[in-house]
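Here are the chains, one letter per residue:
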Amino acid sequence: MFGSGLPGGLPHGADEDTPVFVISVAAQLSGLHAQTLRSYDRQGLVSPGRTPGGGRRYSMRDIAQLREVQRLSQEEGVNLAGIKRIIELENQVGELQQRVDELTEELAAAYAAAEQAAAAVHASYRKELVPVRSQNALVVWRPSRRR
């Protein structure tokens, strides 16, 4: 979990997705100007929560994303359109990974159910099997000619 960098940390019951920081605090935590945060919001690079009155509230996940936008822009030289595409692709990968995890769990459950069903079938066969002596015999059938 992210630390807020504030003496008290996050409010009780809040996690990294809880929108709790006003724009001035988010700007301070991210090292960006408040106007830059507004611009990033308009461009869809970060989507803070909103109060009923329309004020922005940033979560620690938003702060981390703002820092990543800044890093990609300044250290990697990626333009804002490129950063937006990177964010979209990372979100898509996360959604796909979640779906893979769900399907893996479903597949494991299906395998377990199939194994149980096979075991039940095999158990029922054991009651019907009768031991037979093994003999080596050869039987040749020759049909009789009809006249």
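Just above, that's the structure.
Residues numbered from 1 in each chain as written. Predicted model: local features only at pLDDT ≥ 70, side-chain atom pairs only at ≥ 80, totals over all residues. Heavy atoms only, no water.

Student: Explain the overall build of the protein residue by residue, including any values.
Tutor: Counting its regular elements, the protein contains 4 helices and 2 strands. Mapped from its N terminus to its C terminus, the protein presents α and β elements in the order α-α-β-β-α-α. Taken over 147 residues, the protein has a buried fraction of 20%. Long-range pairs, those at least 24 residues apart, make up 49% of the contacts in the protein with a sequence separation of at least 6. Roughly 11400 Å² of accessible area belongs to the protein as shown, and the carbon and sulfur atoms make up 53% of that amount. (Helix = DSSP H or I, 4+ residues; strand = E, 2+ residues; numbered from the N terminus. Buried < 20%, exposed > 50% of the residue type's maximum accessible area, 1.4 Å probe, protein only. Contact = heavy atoms within 4.5 Å. Areas by Shrake-Rupley, 256 points an atom, 1.4 Å probe, with all protein chains shown as cover.)

Student: So, the packing of helix H1 (residues 23–30) against helix H3 (residues 60–74): which residues are in play, and what are the values?
Tutor: Orientation of H1 relative to H3, taken along the N-to-C sense of each, is 50°, at an axis distance of 9 Å. With respect to H3, the axis of H1 lies oblique. By crossing handedness, the relation of H1 to H3 is classed as right-handed. Judged by residue contacts, Ala26, Leu29 and Ser30 of H1 engage Met60, Ile63, Leu66 and Arg67 from H3. (Axes fitted to C-alpha atoms, helices over the stretch in contact; angles between N-to-C directions. Parallel < 35°, antiparallel > 145°, perpendicular 65-115°, else oblique. Left-handed = near helix turned anticlockwise from the far one by under 90°.)

Student: Please set out the side chain of Ser30 residue by residue, giving values where relevant.
Tutor: The residue Ser30 is located in helix H1 in this model. Excluding anything up to four places from it in sequence, Ser30 contacts Leu37, Ile63, Leu66 and Arg67.

Student: Describe the pattern of salt bridges, naming the residues involved and giving the relevant values.
Tutor: With the rule as written, the count across this model stands at 9 salt bridges. Arg56 is the partner of Asp41 in a salt bridge, and the nearest nitrogen-oxygen pair spans 2.7 Å. In this pair, Asp41 sits in helix H2 (residues 34–42) while Arg56 sits in strand S2 (residues 56–57), placing the two residues 15 residues apart along the sequence. Both residues of the pair, Asp41 and Arg56, belong to the buried class. Notably, a salt bridge pairs Arg71 with Glu76, separated by 3.2 Å at the nearest N-O pair. The class of Glu76 is partly exposed, set by a relative accessible area of 48%. One salt-bridge network, in which partners are shared between bridges, spans Glu16, Asp17 and Arg61. (Salt bridge = Lys/Arg side-chain N within 4 Å of Asp/Glu carboxyl O.)

Note that every value here comes from positions in space, so none of it alone points to a role or purpose.
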